[in-house]
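Chain and residue survey
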Amino acid sequence: MTWELRWHPFRGQWVLFTSHRDARPWIGEVVAPAEPPIPADNALAPRGRRIATTNPDYRGVFVFTNDLPVFSPDAPEPGTRDDVYRTRRAGGTAEVVCYHHDATRSLADLSDDEACAIVLTWRARSRALQAEEGVAHVLIFENRGALVGTSNPHPHCQIYAGSLVYATMARESEVASAHFARTGRAVLADVIERERAGPRVVSEGRHFFACVPWFAQYAYEVHILPRETATSLLDLDDDRCRSLALVLRDVVRRYDALWGFRMPYVLAVHQAPIGDHPHYPFHLELHPPLRAPGLRKYLAGPEVGGGSMTNESDPDEKAAELRATLA
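Structural notes, computed from the coordinates. The structure displayed is predicted, hence computed values, not measured ones.

1. Focus: the pattern of salt bridges
Throughout the structure, instances matching the rule amount to 22 salt bridges. Here Glu95 and Arg125 are joined by a salt bridge, their closest N and O atoms 2.6 Å apart. A residue pair is termed long-range when its members are at least 10 positions apart, and Glu95 in strand E4 (residues 92-98) and Arg125 in helix H1 (residues 112-130) qualify at 30 residues. The class of Glu95 is buried, set by a relative accessible area of 6%.

Structure below.
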């Protein structure tokens, strides 16, 4: 796939594909896959000491309010206002969700019930946090690995619930509404139909499936899509939560089997902001920063300077690689 622009139906923007450049000569940085050891004073462990408290001797999933939250119910009102340099109060909260008491585990190592407990926790915390005053959006994400900046290798994710609707989700809501107004169809349903019929499916479950989408922005980007449309975790019953968890675990296992080490990635749960967003395309996205062992996908001039993504790979080929890992 050489010199092709593909429309990203969730974002409403073009992605440039230049797969002929995937094997170009490289004399730049080669990153090591090794992860730092678990610290002896692991603040996320059972009985781990944090800034002002000590964790209980927990088992399974453990949730606590971030000691250094990005949003706070105590956030002050801005002192100055300007029509150009505008300000708003950053109210809300932030939470940490430890996946397991064993710091050496990851999503790939969990049992069916343990993986399901994580997604059920996401749903429960989304419901509770959306009811908090001033919260406009609940963003759930996991930074896995030193290459994406994780501060502690203990398996965990974070939840930001505040007065900010994150830009990607705000854009996805706008694009989905415009798509429905123009076509009378849900953009999520249109993507599901095309990806299920295509060659890019990586993993399948009863209610969810995973694919490297036709419009992927990264080489090994994976989207986990529902078989039936949804707008948020709150639309999922227990069976659908379990299916989501098992497909997610399978994707992580395939990542780790690809090159024989734990694949770093950024995982984000894309769910609707609070309010009326009936056409929002609920899904999960995983973005590994590596395009080959040791080779990072850099966001450089076209991405940072120009604001548009370039993918130097073919999604069909990358999906085939991931499918073959556990064949």
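2. Focus: the environment of Leu299
Here Leu299 shows up in the loop between strand E13 (295-296) and helix H5 (301-305). By relative accessible area, Leu299 is classed as partly exposed at 43%. Leave out the neighbours within four places in its chain, and Leu299 touches Tyr218, Val304 and Met309.

3. Focus: the environment of Ala52
Along the polypeptide, Ala52 turns up in the loop between strand E2 (13-17) and strand E3 (62-65). Here the alpha-carbon distance between Ala52 and Asp67, two residues 15 residues apart in the chain, equals 7.9 Å.

4. Digging into the packing of H1 against helix H4 (residues 238-259)
Axis angle and axis distance: for two packed helices, these are the angle between their axes and the distance between the axes, and together they describe the pair. Between H1 and H4, whose axes approach to 8 Å, the crossing angle comes to 120 degrees. As the angle between them shows, H1 and H4 are arranged oblique. Handedness of the crossing formed by H1 with H4: right-handed. Contacts between H1 and H4 involve Asp112, Asp113, Ala115, Cys116, Val119, Leu120, Trp122 and Arg123 from the first element and Asp238, Cys241, Arg242, Leu244, Ala245, Leu246, Leu248 and Arg249 from the second. Of the residues belonging to the contact of H1 with H4, the class tally is 10 nonpolar, no polar and six charged.

5. Observations concerning empty space enclosed by the protein
This structure, assessed with the given rule, holds two cavities of 30 Å³ or more. Its volume calculated, the largest cavity comes out at about 50 Å³. In this structure, the largest cavity is lined by 10 residues; those nearest its centre are Ala219, Arg291, Lys297, Asn311 and Glu312. For the lining of the largest cavity, the residue count by class is two nonpolar, four polar and four charged. Approximately 30 Å³ is the volume attributed to the second largest cavity. Around the second largest cavity, the lining residues are Val31, Ala32, Pro33, Leu147, Phe261, Pro264, Leu290 and Gly294. The residue inventory of the lining of the second largest cavity, partitioned by class, reads seven nonpolar, one polar and no charged.

6. Structural notes on the nonpolar core
If you look at the biggest cluster of nonpolar residues, it comprises 50 residues, and the most contacted ones within it are Trp122, Ile224 and Leu286. Ranked by the residues each element gives to this core, the list is headed by H4, at nine residues. Beyond its immediate chain neighbours, meaning those up to four positions away, Trp122 contacts Tyr99, Ile140, Cys157, Leu233, Leu248, Leu267, Val269 and Leu284.

7. What about a nonpolar patch on the surface?
There is a patch of nonpolar side chains on the surface, built from Leu5, Trp7 and Trp14 and spanning about 350 Å² of accessible area. As for its placement among the helices and strands, Leu5 is situated in strand E1 (residues 4-8). Take Leu5: its relative accessible area is 52%, and that puts it in the exposed class.

8. Section: the sheet that holds strand E8 (residues 208-211)
Strands sit in the order E3-E4-E6-E5-E10-E11-E9-E8-E7 across an open sheet of nine strands; the sheet is antiparallel. Looking at the sheet topology across the chains shown, the edges are occupied by E3 and strand E7 (201-204). Between one strand and the next, the sheet's axes are offset by a mean angle of 20 degrees, whatever the strand orientation. Relative to strand E6 (residues 156-162), E4 runs antiparallel, the two being bridged by seven bridges. Bridging from a neighbouring strand, Ala94 pairs with Tyr160 of E6. Packed onto the sheet, H1 meets E3, E4, strand E5 (137-144), E6, strand E10 (265-270) and strand E11 (283-287) and runs at close to 145 degrees relative to E5.

How each quantity is defined
- Residues numbered from 1 in each chain as written.
- Predicted model: local features only at pLDDT ≥ 70, side-chain atom pairs only at ≥ 80, totals over all residues.
- Heavy atoms only, no water.
- Salt bridge = Lys/Arg side-chain N within 4 Å of Asp/Glu carboxyl O.
- Helix = DSSP H or I, 4+ residues; strand = E, 2+ residues; numbered from the N terminus.
- Buried < 20%, exposed > 50% of the residue type's maximum accessible area, 1.4 Å probe, protein only.
- Contact = heavy atoms within 4.5 Å.
- Axes fitted to C-alpha atoms, helices over the stretch in contact; angles between N-to-C directions.
- Parallel < 35°, antiparallel > 145°, perpendicular 65-115°, else oblique.
- Left-handed = near helix turned anticlockwise from the far one by under 90°.
- Nonpolar A, V, L, I, M, F, W, Y, C, P; charged D, E, K, R; others polar.
- 1 Å grid on protein atoms, 1.4 Å probe; cavity = no way out; pocket = protein on both sides within 12 Å on 5 of 7 lines; lining within 4 Å.
- Points joined across faces, edges and corners; volume = space filled by probe spheres on them.
- Core = buried A, V, L, I, M, F, W, Y, C linked by side-chain atoms within 4.5 Å.
- Patch = residues over 30% accessible without salt bridge, like charges linked within 9 Å, V, L, I, M, F, W, Y side chains within 5 Å.
- Areas by Shrake-Rupley, 256 points an atom, 1.4 Å probe, with all protein chains shown as cover.
- Pairing = 2+ DSSP bridges.

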